[in-house]
Amino acid sequence: MTWLLALTTGAIFGVGVYLLLQRDAIKLILGFSLVLGAANLFLLGCSTFRGGEAPYVETAANAVDPLPQALVLTAIVIGFGVLSLLAALVLAVAWKLRSLDLDNVSRLRR
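Criteria and thresholds
Residues numbered from 1 in each chain as written. Predicted model: local features only at pLDDT ≥ 70, side-chain atom pairs only at ≥ 80, totals over all residues. Heavy atoms only, no water. Helix = DSSP H or I, 4+ residues; strand = E, 2+ residues; numbered from the N terminus. Buried < 20%, exposed > 50% of the residue type's maximum accessible area, 1.4 Å probe, protein only. Contact = heavy atoms within 4.5 Å. pLDDT = per-residue confidence, 0-100. Patch = residues over 30% accessible without salt bridge, like charges linked within 9 Å, V, L, I, M, F, W, Y side chains within 5 Å. Areas by Shrake-Rupley, 256 points an atom, 1.4 Å probe, with all protein chains shown as cover. Salt bridge = Lys/Arg side-chain N within 4 Å of Asp/Glu carboxyl O. Axes fitted to C-alpha atoms, helices over the stretch in contact; angles between N-to-C directions. Parallel < 35°, antiparallel > 145°, perpendicular 65-115°, else oblique. Left-handed = near helix turned anticlockwise from the far one by under 90°. Nonpolar A, V, L, I, M, F, W, Y, C, P; charged D, E, K, R; others polar.

A separate point is the overall build of the protein chain. Within the protein chain, the regular secondary structure consists of four helices and zero strands. Reading the secondary structure of the protein chain in the N-to-C direction produces α-α-α-α. Counting all 110 residues of the protein chain, 19% fall into the buried class. Summarising the internal contacts of the protein chain: among those between residues at least 6 apart in sequence, 52% fall at separations of at least 24.

Attention now moves to the confidence of the model for the protein chain. Overall, the prediction assigns the protein chain a mean pLDDT of 83, with 79% of residues at 70 or greater. Between the elements of the protein chain, mean pLDDT differs from a low of 70, seen in helix 4 (residues 102-107), to a high of 94, seen in helix 1 (residues 3-20).

Taken together, the side chains of F13, V17 and L21 present a nonpolar region at the surface, about 280 Å² in accessible area. Checked against the element boundaries, L21 lands in the loop between helix 1 and helix 2 (25-45). Taking the relative accessible area as the measure of exposure, L21 reaches 64% and is therefore exposed.

By secondary structure assignment, the location of S47 is in the loop between helix 2 and helix 3 (66-97). Given the relative accessible area of 17%, S47 is considered buried. Separated by 19 residues in sequence, S47 and P66 have C-alpha atoms that sit 9.0 Å apart. Excluding residues that lie within four positions of it along the chain, S47 makes contacts with D65 and P68.

For the pair helix 1 and helix 2, interaxial distance at closest approach is 7 Å and the crossing angle is 155°. By the angle class used here, helix 1 and helix 2 are roughly antiparallel. The element helix 1 and its partner helix 2 pack so that their crossing is left-handed. Judged by residue contacts, L5, T9, I12, F13, V15, G16, V17, L19 and L20 of helix 1 engage K27, L28, L30, G31, F32, L34, V35, A38, L41, F42 and G45 from helix 2. Counted by class, the contact of helix 1 with helix 2 contains 15 nonpolar, four polar and one charged residues.

Another aspect to go through is the environment of Q22. With respect to the helices and strands, Q22 occurs in the loop between helix 1 and helix 2. Using a relative accessible area of 21% as the deciding quantity, one classes Q22 as partly exposed. Distance from Q22 to D101, taken between C-alpha atoms, is 9.3 Å for residues 79 residues apart in sequence.

Below, the discussion takes up the packing of helix 2 against helix 3. Two numbers describe a pair of packed helices, the interaxial angle and the distance between the axes. Where helix 2 meets helix 3, the closest approach of the two axes is 10 Å, and the angle between their N-to-C directions is 175°. Between helix 2 and helix 3, the crossing angle belongs to the class labelled roughly antiparallel. Within the contact between the two elements, helix 2 uses A25, I26, I29, F32, S33, L36, N40, L43 and L44 and helix 3 uses P68, Q69, V72, A75, I76, G79, V82, L83, L86, A87 and V90. Looking at side-chain class alone, the contact of helix 2 with helix 3 contains 16 nonpolar, four polar and no charged residues.

Laid out in C-alpha cells, this is it:
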C-alpha cells in the first residue's frame, strides 16, 4: 500500500471515529459511513499484487487479484443496507421523540 493511500485511509478512519463519538445521531450515521469507506479502501490497498509473476496471467504488469475487489463490492452493498436501516431508525426516533441528541434520547425511557 502506498503511503498516500495509507495516510488517506487513516485520516478518513480517524474522522469517522471522531464523528461516531459525537452525541448527534446524524453525525453517527456519517461517521459509520466514513469508517465503512475507510475499511473498504484498506482492503483495496492491501490487495495489490507483489511478486515476480502472477500464476494466472502471462504478463505480471496486468495482474490483479479479483477476490478482494469482489469482497469490497460485497461490503459496499452490505454497508449501504446497514446505513439505510440505521438512517430509518434515526428518522423514526427523531419523529417520535423530537430529538436527534443521543443524550436526550437515552433519558427519555418510555
